Amino acid sequence: MRLPSTQAAVLEAASATEERTIAQLAEELGEKPETVTGAVFALEEEGLLEVSEEAIEGVSLTEEGEQYAEMGLPERRLHEAALELDADEEPVPMGEVIGRSGLEGGEVDIALSNYARKGYGEIDSGELSATDREEDEEADALALIDAGEPVTDELVLSTLDRRDLVSRRESTVRSVTLTDAGVTALMEGIEESETVGQLTPELLTTGEWEEVEFAEYNVEADAAEVVGGKKHVLRQTADRVKDVLVGMGFEEMDGPHVDSEFWINDALFMPQDHPARTHWDQFALERPDEADELPEELLERVRSAHLEGVGADGDGYHSPWTEEVARGMDLRGHTTSLSMRYLSGEAVGELEPPQRYFSVEKVYRNDTLDPTHLLEFFQIEGWVMADDLSVRDLKGTFTEFYERFGITDLQFKPHYNPYTEPSFELFGHHPETGELIEIGNSGMFRPEVLEPLGVECDVMAWGLALERLAMLITGAEDIRDLHGTLADIEFLRNAEVTY
Ligand SMILES: N[C@@H](Cc1ccccc1)C(=O)O
């Protein structure tokens, strides 16, 4: 019998009495598993091999699991330290044991929450006692998995899974045995024929294509996993936000990332010598060192609002105000600078009420990185200009907007902004942790902001955090899983923005 070379090799490597897996065959023949799978299916079709399938579960260590396999589970390290301090004789203050154990950060909580559960001892009024427990099935299982050995105890596996120390995956293992026809074929002798996997220009021009045998396609063969490109979750969320706001009748604003303090702060009635001025810790720029052009008349009206206030009984800040400060350049700490440019008529000319505008743009703050803060993030800025607006309109708009993302349990908390009165912070519950997280800031612009801009009706406005919205939608618990250098690639591949 004539067979293509891989098929011939697979047939020769198969046995009539012992099942051999495709992985074993591939390793033995030095071929890729998908190549061997292709050959196996062809041989099955010829009746030379019998293929059996078994669904099995693959278990591998997560990064954290690998770390504990190497260093020891945190609760075991705590127990070791406790024994070194003789906590099996008399309870020892917890701080001492933790110090001795060398556990750090989140590991301490992990150790404490597993310590008593696993019978390593008791924790009582800040003191820790230790038993003489030695055995630890979880630690043993980690070591086995690390060594590529199977673990059969389902209870232990599911505990490790819950602790995020292992990841489990279903897969199909195919094994082959020779059929009688296969044995006969082998005994009669197999001749190898060269098969060609791909038609090339050379085969065509030389006419060789007429002689060769082509390998058949097998659409059932396991193929290498291909991960296609996809839109980033944050971009998906931003696009969805824009669609929703456009659907609610809003138009989009744009404008500079680097802007003068005038548009970022002064137009918003932020006093120049007040800590509020730096309460976002904006990044100040050395170059460009000052704004080229500021609207003269508006500058004068803003100056006067700061110094004298607005209206008959208006009162200013009674503190120095200089044009030099207003001309300083910053990376914008909020996109309310855009709202100022639009409301003043500077961006698209005078606007007659009613008007609705929004932007979904990046802002920059010198914050400390943590699970809910990044140095740059996207703000969903927006405002509505109309006669007789009230807080009800503001709340109604948020309720309608967030409902589109399935968020129906908004909470509002009174807040302070130098430029709005009243002001409200918005909160929503995280779907995984249940924690209440801040998702936005809002309010009605004060007369001290609107009058210099020449706006005679009401304006309600807000700045919402896109990343926080994305956390609520996707269930991400750390903003750094969403973007930045630590972003979790698996999470990004699988996360969906649903609405
Ligand atoms: N600028 C505010 C958001 C805001 C905009 C407009 C009005 C009120 C609040 C912030 O960055 O938090």
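Residues numbered from 1 in each chain as written. Predicted model: local features only at pLDDT ≥ 70, side-chain atom pairs only at ≥ 80, totals over all residues.

**Comments concerning the site of the ligand**
Part 1: Looking at the ligand, the residues that line it are His-334, Thr-336, Asn-417, Thr-420, Asn-441, Ser-442, Gly-443, Ala-461, Trp-462 and Gly-463.
Part 2: Among the secondary structure elements, those contributing two or more residues to the shell around the ligand are strand E18 (436–445) and strand E19 (458–465).
Part 3: Counted by class, the shell around the ligand contains two nonpolar, eight polar and no charged residues. (Near = placed C-beta within 6 Å. Helix = DSSP H or I, 4+ residues; strand = E, 2+ residues; numbered from the N terminus. Nonpolar A, V, L, I, M, F, W, Y, C, P; charged D, E, K, R; others polar.)

**Some words on the UniProt feature "binding site: Mg(2+)" (unreviewed entry) in the protein**
Part 1: Sequence positions flagged by UniProt for "binding site: Mg(2+)" (unreviewed entry) are, in local numbering, Glu-421.
Part 2: Take Glu-421: it is sitting in strand E17 (residues 420–429).
Part 3: Beyond its immediate sequence surroundings of up to four residues, Glu-421 is in contact with Gly-443, Met-444 and Arg-446. (UniProt positions renumbered as here; feature names shortened; annotations may be inferred. Contact = placed C-beta atoms within 7 Å.)

**Brief notes about the pairing of strand E7 (residues 166–178)**
Part 1: Pairing analysis gives two bridges linking strand E2 (residues 20–21) to E7, with the strands arranged antiparallel. Considered in E7, the bridge of Arg-20 is made with Val-176.
Part 2: The pairing of strand E3 (residues 49–61) with E7 spans 13 bridges and is antiparallel. Along E7, the bridge assignment pairs Ser-60 with Ser-167. (Pairing = 2+ DSSP bridges.)

**A short note on the confidence of the model for the protein**
Part 1: Chain-level statistics for the protein give a pLDDT mean of 91 and a share of 98% at 70 or above.
Part 2: For this predicted complex, the interface confidence comes out at an ipTM of 0.98, alongside a pTM of 0.63. (pLDDT = per-residue confidence, 0-100.)

**A closer look at the sheet that holds strand E6 (residues 127–128)**
Part 1: Strands sit in the order E4-E6-E5 across an open sheet of three strands; the sheet is antiparallel. This sheet does not close on itself; its edge strands, each paired only once, are strand E4 (92–93) and strand E5 (123–124).

**Comments concerning the nonpolar core**
Part 1: Val-459, Leu-466, Leu-469 and Ala-470 are the most contacted members of the largest nonpolar core, which has 60 residues in total.
Part 2: Contacts of Val-459, omitting those with residues within four sequence positions, involve Leu-343, Trp-383, Met-385, Phe-445 and Leu-450.
Part 3: The next biggest cluster of nonpolar side chains, apart from the first, holds 19 residues, and it includes Leu-3, Ala-14, Leu-25 and Leu-48. (Core = buried A, V, L, I, M, F, W, Y, C linked by C-beta atoms within 7 Å. Buried ≥ 20, exposed ≤ 12 C-beta atoms within 10 Å, placed from the backbone.)

**With respect to the sheet that holds strand E15 (residues 376–386)**
Part 1: An order of E11-E14-E15-E19-E18-E17-E16 is seen for the seven strands of this open sheet, with the pairing classed as mixed. Because the sheet does not close on itself, it has two edges, and the strands there are strand E11 (251–252) and strand E16 (411–417).
Part 2: With two bridges connecting them, E11 and strand E14 (residues 355–364) associate as parallel partners. Bridging from a neighbouring strand, Glu-251 pairs with Tyr-357 of E14.
Part 3: Lying over the sheet, helix H12 (residues 233–247) contacts E11, E14 and E15, oriented at roughly 165° with respect to E14. (Axes fitted to C-alpha atoms, helices over the stretch in contact; angles between N-to-C directions.)

**Description of helix H7 (residues 106–115)**
Part 1: Turning to H7, its buried residues number three or more, namely Glu-107, Ala-111, Asn-114 and Tyr-115. Down the axis of H7, the sector holding all buried residues measures 105°, keeping them to one side. Seen from the open side of H7, the exposed residues pointing more than 90 degrees away from its buried face are Gly-106 and Asp-109. (Arc of directions from axis to C-beta.)

**Re helix H3 (residues 33–45)**
Part 1: With 13 residues, H3 extends 18 Å from end C-alpha to end C-alpha; this agrees with the ideal 18 Å at 1.5 Å per step.
Part 2: Of the residues making up H3, those classed as buried are Val-36, Thr-37, Gly-38, Ala-39, Val-40, Ala-42 and Leu-43.
Part 3: In this structure, the buried residues of H3 make contact with helix H1 (5–13), helix H2 (22–29), E3 and E7. (Expected span 1.5 Å × (residues − 1).)

**Here's the deal with the environment of Thr-399**
Part 1: Mapped onto the elements, Thr-399 comes out in helix H17 (residues 391–403).
Part 2: Residues Thr-399 and Asp-409 lie 10 residues apart in sequence; the distance between their C-alpha atoms is 8.7 Å.

**Remarks on the packing of helix H4 (residues 63–71) against helix H8 (residues 137–146)**
The geometry of a pair of packed helices is captured by two quantities: the angle between their axes and the separation between those axes.
Part 1: Two numbers describe how H4 lies on H8: the axes approach to 9 Å, and their chain directions differ by 105°. Looking at the two axes, H4 sits roughly perpendicular to H8. Contact with H4, carried on its side by Gly-65, Tyr-68 and Ala-69, involves Leu-142, Ala-143 and Asp-146 of H8 and no other residues of that element.
Part 2: Per-class residue counts for the contact of H4 with H8 are four nonpolar, one polar and one charged. (Parallel < 35°, antiparallel > 145°, perpendicular 65-115°, else oblique.)

**So, the packing of helix H5 (residues 74–84) against H7**
Part 1: Contact geometry for H5 and H7: axes closest at 7 Å, N-to-C directions at 80°. As summarised for this structure, H5 and H7 are arranged roughly perpendicular, according to the angle between their axes. Facing H5, whose interface residues are Pro-74, Glu-75, Arg-77 and Leu-78, H7 presents Glu-107, Ile-110, Ala-111, Asn-114 and Tyr-115.
Part 2: Classifying every residue of the contact of H5 with H7 by side-chain character gives five nonpolar, one polar and three charged.

**Comments concerning the UniProt feature "binding site: L-phenylalanine" (unreviewed entry) in the protein**
Part 1: Mapped onto the present numbering, the UniProt feature "binding site: L-phenylalanine" (unreviewed entry) falls at Thr-336, Gln-379, Ile-380, Glu-381, Tyr-419 and Phe-445.
Part 2: Looking at the secondary structure, you find Gln-379 in strand E15.
Part 3: With residues near it in sequence (within four places) discarded, Gln-379 still touches His-334, Thr-335, Glu-361, Val-363, Gly-463, Leu-464, Ala-465 and Leu-466.
Part 4: Note on placement: Tyr-419 falls in the loop between E16 and E17.
Part 5: We classify Tyr-419 as buried; it has 22 C-beta atoms within 10 Å.
Part 6: Not counting residues within four places of it along the chain, the set of residues in contact with Tyr-419 comprises Leu-268, Phe-269, Met-270, Phe-445, Arg-446 and Val-449.

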